[in-house]
Each structure stands twice: as C-alpha cells, then as structure tokens.
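Here's the letter readout for the chains.
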Amino acid sequence: MNTARAVLYSFTNPPFRPLKSLPDISCPKRPREALNFRVRLRTDQRCCIFRVSVRNLGRGETGKVYADVKSERYEILESVPESAKLEEDALDDVVLDRTVPWWEEFPKRWVIVILCFSAFLLCNMDRVNMSIAILPMSAEYNWNPATVGLVQSSFFWGYLLTQIAGGIWADKVGGKTVLGFGVIWWSIATILTPVAAKAGLPFLLVSRAFMGIGEGVAMPAMNNILSKWVPVSERSRSLALVYSGMYLGSVTGLAFSPFLIHQFGWPSVFYSYGSLGTVWFAAWLSKAHSSPLDDPQLRPAEKKLIFANSFSKEPVKTIPWGLILSKAPVWALIVSHFCHNWGTFILLTWMPTYYNQVLKFNLTESGLFCVLPWLTMAFSSNLGGWIADTLVSKGLSVTTVRKIMQSIGFLGPAFFLTQLSHIDSPAMAVLCMACSQGTDAFSQSGLYSNHQDIAPRYSGVLLGLSNTAGVLAGVFGTAATGYILQHGSWDDVFKVSVGLYLVGTVVWNLFSTGEKILD
C-alpha cells in the first residue's frame with residue numbers, strides 16, 4: 001500500500017470551474033495561510049475520509065487543494081466494475097469540518113441589494129436637504145414663492161435628461177459602471193451647491209440641474225443590475241428594500257438638516273451629505289459586479305439559483321423602440337408613473353413649507369415632523385414587498401398582485417389627501433400625511449416592480465422611459481405648486497394630486513400586466 005499526496009483542486013483568477021458533479025470545496029477568497037479540513041464521502045457500501053490542505057502558491061491569485069490518499073494495486077480492466085462506481089448523489093453528502101464565517105455565506109445578491117439600498121439612501125439625503133435649506137436660503141436671498149419653486153424644480157431638468165440615456169447605458173455596459181458614475185457625479189454637484197448659490201441664481205440652477213443628471217441614472221442602473229441578480233421570487237422584497245433606502249434617506253436628511261443648519265449654517269448640509277458619496281463609491285468598486293457572470297467569488301449554489309430564475313445571458317445590442325412603444329402595458333406604466341410621481345414629488349419638495357406656513361411649525365419642527373411620513377413609507381414598502389412575494393409564492397398571478405398593490409398605492413394617498421381640508425389639528429394633519437405616504441409606498445410592489453416583469457432584458461431602458469414621464473410630473477408639479485400657491489391655496493394643490501391618482505388607478509387596472517411581453 002502506498003501513501004501519496006494528490007492534487008484535488010486547482011484555482012486561479014479567473015477561477016477554474018469544476019464539473020457540475022464535483023463538490024464545491026473552493027475557498028471564497030485566496031488563502032493567505034494553509035487551511036486544513038476533512039472531507040467525508042459516503043455511499044451505501046463504503047465511507048472514505050480525505051485529509052485536505054489548501055495552500056497558496058505565492059504566484060498571484062493561484063493555489064491548489066491537496067488530499068492525502070492511500071492506494072493499493074488493482075488490475076486495470078476494460079470497464080469500471082459496479083462495485084467501484086460512485087453513485088451520482090454521493091457527492092451531495094460532503095461534510096467540511098472547517099466552519100465558514102457567516103459573512104462569507106451571506107448571499108452575494110443581497111450584498112448587491114444592500115449596496116443599492118445605500119446608494120438610494122444617499123440619493124434622497126442629497127435631494128431633500130434643499131427642501132429644508134430653502135427656508136433660510138430664501139430668507140437670505142429674498143426669493144419669492146415662484147423663485148423657490150424654480151429652484152426646487154431645477155433639479156428635475158437634469159434628472160429628466162438622463163433617464164432614458166441612463167437606461168440604455170446600463171443595459172449595454174452594465175449597472176455597476178453607471179450607478180458608480182451617478183453617485184460620484186451627484187455628490188460633487190451637492191458639494192458645489194453653496195458655492196453656486198453665492199455666485200448667483202443662474203449658477204445655482206445649473207448646479208441643481210447637474211445634480212439631477214447624476215441622480216437620473218440611478219434608478220435605471222439599479223433596475224438593470226437587480227434584474228440580473230435577483231430571482232423573481234425575491235423581486236418585490238429586493239426592490240422594496242432598495243426604494244426604502246430613498247425613504248430612509250429622506251428621514252435622515254430631514255432629521256439632521258435642521259441641526260446642521262442651526263449649528264454650522266445652511267451650507268454645511270451640502271458639504272457633509274455630499275462627502276458621504278466617496279465612502280460608498282469605494283465599497284461599490286470592491287464588492288459590486290454588473291452580472292453574476294462577472295463575480296469570481298460567487299458560490300455555485302447561488303449562481304445556479306440566479307441563472308435558473310432570472311438571468312438573460314444575451315447582452316442588449318439594439319433597443320426595439322417600435323416594439324416597446326406598441327405595447328399597451330408599457331403605456332400603462334408611463335401614464336401611471338406620471339400620475340404617481342406628481343403627488344409624490346410635491347410632498348417630497350413642499351412638505352416642509354406646508355408644515356411651516358400652514359401648520360406654523362418652526363424650521364426644526366418642520367424637519368422633524370417630515371420624518372414621520374418617510375418612516376412610514378420605509379416600513380410600508382418592505383411590508384408591501386413581503387406581502388407581494390408571499391402572494392406570488394402561494395399561486396396568485398403576478399398580474400393580480402401588481403394591480404392590487406398599485407391600487408393601494410393610488411387610492412390610499414388620494415383618500416388621505418382629501419381629508420386634509422377637513423382637519424384643524426396639526427397632529428391629525430401630520431398623521432394624514434404619514435398615512436398618505438405609507439399607502440403610497442405600496443407602489444414599490446406595483447408599478448416599480450413591473451418593469452422587470454414585462455421586459456427583464458430591457459428593464460433599465462423601460463424604467464428610464466416611464467421615469468421620464470415621472471420626472472416630467474416632478475418638473476411641472478413642483479413648479480406648478482409654487483404658481484398655485486401664489487394664486488390659490490393648499491387645498492387646490494391637493495385636489496390636482498387626487499385627480500391624477502384616480503386617473504392612474506383606472507389606467508393601471510385596465511391595461512397593466514405582470515406577464516413578460518418583451519423577450
């Protein structure tokens with residue numbers, strides 16, 4: 001009997017991928033020191049134990065896995081005897097004595113989701129800080145309501161420009177590059193906002209438009225990358241978590257902005273929030289990949305799950321615009337997105353002013369009370385995502401689930417906004433705002449999940465297309481609110497939003513679908 005050391009596995013960068021029937025004994029990272037563990041293979045007739053060591057060869061990202069094995073002399077036959085064959089499922093019973101840390105077992109697709117969540121957290125922190133800072137800025141520069149509306153809406157000028165372009169770019173070069181670009185771009189524009197404001201109103205408008213350019217690519221890029229990483233059974237939950245990052249970003253921005261303004265002046269909110277983008281960008285470069293195919297450390301079991309449920313391997317080369325625009329569900333998305341965003345963006349940008357002028361809250365109180373609706377949205381979006389995925393897993397059609405969730409997202413805000421004109425108590429007004437925003441968040445499991453349902457390969461372009469309509473609602477709605485307030489009242493502002501919510505409900509339920517219509 002002879003004892004020898006045999007090479008069991010060799011890994012390089014890019015890693016060698018073993019045959020499907022071999023056990024996954026690769027290290028998630030290149031080992032710096034020798035690792036030792038035992039592998040036990042069992043069949044009905046025998047049990048073999050290998051003592052395995054893993055060593056780095058010191059030549060870049062290469063290494064080998066050795067096993068100490070024992071051999072005896074056998075007569076070599078033309079065919080393999082039945083007694084020597086290993087059953088197909090024998091390798092499924094591989095036991096590794098070495099314990100793997102939990103963070104190495106954590107699903108990589110959810111690492112991508114959490115990083116997108118963090119990007120959207122920063123996105124809304126950088127966006128809503130203006131809704132608080134605009135109060136001392138308008139006093140300092142003597143702006144009237146129309147000018148305030150112009151400043152608030154200038155963000156959407158740039159935001160509008162990069163929706164479709166960002167979707168095309170993401171579908172062709174990958175979501176990692178596009179989202180990384182967007183975060184760095186809008187972070188720099190945020191930092192430059194105080195300088196632009198002191199230089200003059202035209203410079204401030206350009207600065208806010210430049211910030212919109214960066215944030216405009218975020219949603220299409222995120223939609224593209226998640227369409228490749230997240231299976232259908234987890235779609236609503238993952239998107240709800242990412243979009244709840246926007247709501248928590250609003251919470252963070254609105255909660256801390258008054259404190260920063262009182263302590264350090266209004267420019268401090270732009271300097272502090274903008275600088276956080278560089279921290280996120282470093283993590284994004286090291287951890288994110290546009291596709292599971294690009295990640296050398298993705299575990300085979302997770303890769304199999306992703307590929308089996310959600311992944312299209314063929315890259316997008318051309319966009320079939322005629323086919324896309326000929327589909328009624330696409331237009332249902334576009335119209336519904338416009339109706340939804342009209343009300344949402346008005347609340348996002350004008351809520352602190354409403355609290356200050358109508359409810360007579362001071363600057364600090366306006367920021368703190370604005371937090372409650374966004375907290376409600378963060379909770380409701382994740383609750384809605386869990387409900388939607390549960391309903392789909394229990395056999396309810398995706399179409400029915402999307403219509404239910406979006407109907408709640410339209411009719412809930414419409415109902416609560418109609419109650420504001422009948423309420424005299426500031427506390428009840430804040431509660432109505434919170435309920436309005438909370439039911440609005442169910443849209444994340446409705447229209448915001450629908451792009452990946454109906455056109456997974458073109459999800460970035462499709463979201464860019466529908467969100468262009470949503471941005472137009474933000475541009476017109478935010479500016480129109482300033483005009484309405486000069487010639488009317490807040491009741492008139494809310495009536496327009498309610499009317500559009502009702503239109504969106506009808507269009508969505510008549511023409512939307514949850515089935516794939518573009519391949």
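All values derive from a computational prediction rather than experimental measurement.

Draft legend 1. Layout of the overall build of the protein chain. Tallying secondary structure elements over the protein chain gives 18 helices and five strands in all. The buried share of the protein chain, taken over its 519 residues, is 52%. Long-range contacts, defined as pairs at least 24 residues apart, comprise 81% of the intrachain contacts of the protein chain with a sequence gap of at least 6. Carbon and sulfur atoms form 62% of the exposed surface of the protein chain, whose accessible area is close to 23400 Å².

Draft legend 2. Summary view of the nonpolar core. Counting 112 residues, the largest nonpolar core has Cys-116, Phe-120, Met-137, Leu-179, Leu-226, Tyr-243 and Tyr-354 as its most contacted members. Counting residues per element, this core draws most heavily on helix α2 (residues 108–141), which supplies 17 residues. If near-sequence neighbours (up to four positions away) are discounted, Leu-226 is found in contact with Ile-112, Val-113, Cys-116, Ser-238, Leu-239, Val-242 and Gln-452.

Draft legend 3. Quick look at the environment of Asp-126. Take Asp-126: it is sitting in helix α2. Residue class for Asp-126 comes out buried when judged on its relative accessible area of 1%. The residues touching Asp-126, leaving out its near neighbours within four places in the chain, are Trp-186, Ser-187, Thr-190, Arg-208, Met-211, Glu-215, Tyr-273 and Gly-274. Among the polar contacts listed, one links the side chain of Asp-126 to the side chain of Trp-186, at a separation of 2.8 Å.

Draft legend 4. Broad picture of a nonpolar patch on the surface. Together, Trp-169, Val-173, Phe-181, Trp-185, Val-206 and Phe-210 make up a nonpolar patch on the protein surface, roughly 500 Å² of accessible area in all. For Trp-169, the location among the structural elements is in helix α4 (residues 163–173).

Draft legend 5. Representation of the confidence of the model for the protein chain within the structure. Residues of the protein chain with pLDDT of at least 70 account for 77%, and the chain-wide mean is 80. When the criterion is pLDDT under 50, residues 9–33 qualifies, and its contacts beyond four places in sequence or with other chains add up to 43 contacts. In this model residues 90–98 is a low-confidence stretch, pLDDT under 50, and it forms 24 contacts with partners more than four residues away in sequence or in other chains.

Draft legend 6. Structural detail: helix α7 (residues 218–229). Spanning twelve residues, α7 covers 16 Å between terminal C-alpha atoms, matching the ideal 16 Å at 1.5 Å per step. With eleven of its twelve residues buried, α7 lies for the most part within the structure. Listing the buried residues of α7 in full gives Ala-218, Met-219, Pro-220, Ala-221, Met-222, Asn-223, Asn-224, Ile-225, Leu-226, Ser-227 and Trp-229.

Draft legend 7. Structural context of α4. Turning to α4, its buried residues are Gln-163, Gly-166, Gly-167, Ala-170 and Asp-171. Each buried residue of α4 lies within a common arc of 125 degrees when the element is viewed along its axis, so the set occupies one face. Taken together, the buried residues of α4 touch α3 (145–161), α5 (175–199), α6 (201–216), α7 and α17 (459–487). The positive-phi residue at the C-terminal boundary of α4 is Gly-174, with phi of around 105 degrees.

Draft legend 8. Region of interest: the packing of α2 against helix α9 (residues 267–287). Interaxial distance between α2 and α9 falls to 10 Å at its minimum, and their mutual angle equals 170 degrees. By the angle class used here, α2 and α9 are roughly antiparallel. Its residues assigned to classes, the contact of α2 with α9 shows 16 nonpolar, four polar and three charged.

Draft legend 9. View of the pattern of salt bridges. Tallied over the full model, the rule gives seven salt bridges. Salt-bridge contacts for Arg-235 lead to Asp-453; the nearest nitrogen and oxygen are separated by 2.9 Å. With Arg-235 in helix α8 (residues 235–264) and Asp-453 in helix α16 (residues 447–454), the pair connects residues that are 218 residues apart, well separated along the chain. Accessibility classification places Arg-235 together with Asp-453 in one group, the buried group.

Draft legend 10. Representation of the packing of aromatic side chains within the structure. With the rule as written, the count across this model stands at 14 aromatic pairs. Each ring, one from Trp-169 and one from Phe-181, has its centre 5.4 Å from the other, and the planes form 70 degrees; the classification is edge-to-face. With Trp-169 in helix α4 and Phe-181 in helix α5, the pair connects residues that are twelve residues apart, well separated along the chain. Aromatic pair Trp-490 and Phe-494: ring centres 6.0 Å apart, planes at 35 degrees, arrangement tilted. You can see Trp-490 and its partner Phe-494 sitting in helix α18 (residues 490–511), four residues apart, about one turn around the helix. The same class applies to Trp-490 as to Phe-494, namely buried. Site record: aromatic cluster; members linked through ring pairs are Tyr-141, Trp-143, Trp-266 and Phe-270.

Draft legend 11. Expanded view of the side chain of His-340. Examined against the element boundaries, His-340 turns out to sit in helix α12 (residues 328–357). The exposure class assigned to His-340 is buried, which follows from its relative accessible area of 1%. Within the local environment of His-340, its side chain forms a polar contact with the side chain of Ser-443, the two groups lying 3.4 Å apart. If near-sequence neighbours (up to four positions away) are discounted, His-340 is found in contact with Gln-406, Phe-410, Asp-440, Ser-443, Leu-447, Tyr-448 and Tyr-501.

Draft legend 12. Just unusual backbone geometry, in detail. Its identity is not glycine, yet Asn-142 carries a phi of approximately 60 degrees, on the positive side. Along the chain, the position of Asn-142 falls in the loop between α2 and α3. The exposure class assigned to Asn-142 is exposed, which follows from its relative accessible area of 70%.

Draft legend 13. Structural view of the side chain of Lys-108. Locating Lys-108 in the fold gives a position in helix α2. Overall, the relative accessible area of 15% leaves Lys-108 in the buried class. Here Lys-108 is in contact with Trp-229, Lys-287, His-289, Asp-295, Leu-298 and Glu-302, once residues within four sequence places are set aside.

About the cut-offs
Residues numbered from 1 in each chain as written. Predicted model: local features only at pLDDT ≥ 70, side-chain atom pairs only at ≥ 80, totals over all residues. Heavy atoms only, no water. Helix = DSSP H or I, 4+ residues; strand = E, 2+ residues; numbered from the N terminus. Buried < 20%, exposed > 50% of the residue type's maximum accessible area, 1.4 Å probe, protein only. Contact = heavy atoms within 4.5 Å. Areas by Shrake-Rupley, 256 points an atom, 1.4 Å probe, with all protein chains shown as cover. Core = buried A, V, L, I, M, F, W, Y, C linked by side-chain atoms within 4.5 Å. Polar contact = N/O pair within 3.5 Å; in protein donor to acceptor, adjacent residues only side chain to side chain. Patch = residues over 30% accessible without salt bridge, like charges linked within 9 Å, V, L, I, M, F, W, Y side chains within 5 Å. Salt bridge = Lys/Arg side-chain N within 4 Å of Asp/Glu carboxyl O. pLDDT = per-residue confidence, 0-100. Expected span 1.5 Å × (residues − 1). Arc of directions from axis to C-beta. Axes fitted to C-alpha atoms, helices over the stretch in contact; angles between N-to-C directions. Parallel < 35°, antiparallel > 145°, perpendicular 65-115°, else oblique. Nonpolar A, V, L, I, M, F, W, Y, C, P; charged D, E, K, R; others polar. Phe/Tyr/Trp six-rings, centres within 6.5 Å; stacked < 30°, edge-to-face > 60°.

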